[in-house]
Amino acid sequence: AAGVIQSPRHLIKEKRETATLKCYPIPRHDTVYWYQQGPGQDPQFLISFYEKMQSDKGSIPDRFSAQQFSDYHSELNMSSLELGDSALYFCASTQGTYNSPLHFGNGTRLTVT
Amino acid sequence: GESVGLHLPTLSVQEGDNSIINCAYSNSASDYFIWYKQESGKGPQFIIDIRSNMDKRQGQRVTVLLNKTVKHLSLQIAATQPGDSAVYFCAENSQVGNSGGSNYKLTFGKGTLLTVNP
């Protein structure tokens, strides 16, 4: 079965650079979530989209922005990168129905040097 | 590799034993709960879910118990195998806003590192 696809798998950037992470949800899923996970930490909710509109916002820095496109893929844009942004970034998708599980991609590992 | 596990509660069991992983959730308004398994370098993988109108649900080798009175979840894994070694997260789902659709948020609890010894 098709899963959530994230690209790139690994990304190395320097401080103050920008990065763009991409997420392709499972076909027919209209809802996308972004999470950030530091080493040994639980995933922290950043932002979500439903039918191309932002549906909720979590602990996402102002330096980050995201959007969901007409084909339902999503991009997380990160600017003025800081060392503390180094983490795993996961995208998850689901159908826009309450009480349906989120399905996660394998993440993008971002390293800021 | 990733340092997952350095800051996590750990549970070590022998292969073939049963495992019980516990989780306390925070929001009494949460009405849907999910257990995820996360292996090193991978995203969380759905294991089993339960709605708040139930107190027990069984899957293949796994059982989830929900105690809403004390806001507690547990995941029981029968006949634990080496392939079960991973970090396990519980997650609670609560609705945000009133506009329906997908205005809900999945909040993860602290993970537990399960190590299965052969």
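Everything here concerns the structure above.
Residues numbered from 1 in each chain as written. Chains lettered and ligands numbered in written order. Predicted model: local features only at pLDDT ≥ 70, side-chain atom pairs only at ≥ 80, totals over all residues. Heavy atoms only, no water.

**Overview of the state of the cysteines**
So, step 1. Enumeration according to the criterion identifies 2 disulfides over all chains in this entry.
So, step 2. Here A:Cys23 pairs with A:Cys91 through a disulfide, and the sulfurs are 1.7 Å apart. Linking A:Cys23 and A:Cys91, the disulfide has an S-S dihedral of approximately -55° and is accordingly described as left-handed. With A:Cys23 in strand E3 (residues 19-24) and A:Cys91 in strand E9 (residues 87-94), this residue pair connects regions lying 68 residues apart in the sequence.
So, step 3. For A:Cys23, a relative accessible area of 0% corresponds to the buried category.
So, step 4. Judged by relative accessible area, A:Cys91 falls into the buried class, the value being 0%.
So, step 5. Sulfur-sulfur distance for the disulfide between B:Cys23 and B:Cys90 comes to 1.5 Å. (Disulfide = S-S within 2.5 Å. Helix = DSSP H or I, 4+ residues; strand = E, 2+ residues; numbered from the N terminus. Buried < 20%, exposed > 50% of the residue type's maximum accessible area, 1.4 Å probe, protein only.)

**Some points on the pairing of strand E6 (residues 53-57) of chain A**
So, step 1. Pairing between strand E5 (residues 44-50) of chain A and E6(A): 4 bridges, direction antiparallel. When the sheet's bridge partners are listed, A:Ser48 is paired in E6(A) with A:Asp56. (Pairing = 2+ DSSP bridges.)

**Focus on the layout of surface pockets**
So, step 1. Approximately 300 Å³ is the volume found for the largest pocket.
So, step 2. Residue lining of the largest pocket: 20 residues in total, with A:Val4, A:Phe104, A:Gly105, A:Asn106 and B:Pro44 positioned closest to the centre.
So, step 3. Of the residues in the lining of the largest pocket, the class split is 7 nonpolar, 9 polar and 4 charged.
So, step 4. Contributing to the lining of the second largest pocket are B:Lys37, B:Gln45, B:Phe46, B:Ile47, B:Gly59, B:Gln60, B:Arg61, B:Val62, B:Ile77, B:Asp84 and B:Tyr88.
So, step 5. With 3 residues, the single largest contributor to the lining of the second largest pocket is strand E4 (residues 45-51) of chain B.
So, step 6. Of the residues assigned to the lining of the second largest pocket, the class counts are 5 nonpolar, 3 polar and 3 charged. (1 Å grid on protein atoms, 1.4 Å probe; cavity = no way out; pocket = protein on both sides within 12 Å on 5 of 7 lines; lining within 4 Å. Points joined across faces, edges and corners; volume = space filled by probe spheres on them. Nonpolar A, V, L, I, M, F, W, Y, C, P; charged D, E, K, R; others polar.)

**What about the sheet that holds strand E6 (residues 62-67) of chain B?**
Consider a sheet: its strands pair through backbone hydrogen bonds, and that pairing is either parallel or antiparallel.
Residues and elements named next belong to chain B.
So, step 1. Strand order in the open sheet made by the 4 strands is E2-E7-E6-E5, with antiparallel pairing throughout. Looking at which strands have only one partner, the edges of the open sheet turn out to be strand E2 (19-24) and strand E5 (56-58). Strand-to-strand, the axes of this sheet are offset by a mean angle of 15°, without reference to chain direction.
So, step 2. Where E5 meets E6, 3 bridges bridge the pair, whose relative direction is antiparallel. (Axes fitted to C-alpha atoms, helices over the stretch in contact; angles between N-to-C directions.)

**Section: the packing of aromatic side chains**
So, step 1. Evaluation of the coordinates by the stated rule reveals 11 aromatic pairs over all chains.
So, step 2. Judged by centre distance (6.4 Å) and plane angle (80°), the ring pair of A:Phe90 and A:Phe104 falls under edge-to-face. Within this pair, whereas A:Phe90 is found in strand E9, its partner A:Phe104 is found in strand E10 (residues 103-104), the two being separated by 14 residues in sequence.
So, step 3. With relative accessibility at 0%, the residue A:Phe90 sits in the buried group.
So, step 4. Look at A:Phe104 and B:Tyr36: their rings are 5.3 Å apart centre to centre, the planes differ by 85°, and that puts the pair in the edge-to-face class. Here A:Phe104 is found in strand E10, whereas its partner B:Tyr36 is found in strand E3 (residues 32-38) on a different chain.
So, step 5. Here B:Tyr36 falls in the buried class, since its relative accessible area comes to 0%. (Phe/Tyr/Trp six-rings, centres within 6.5 Å; stacked < 30°, edge-to-face > 60°.)

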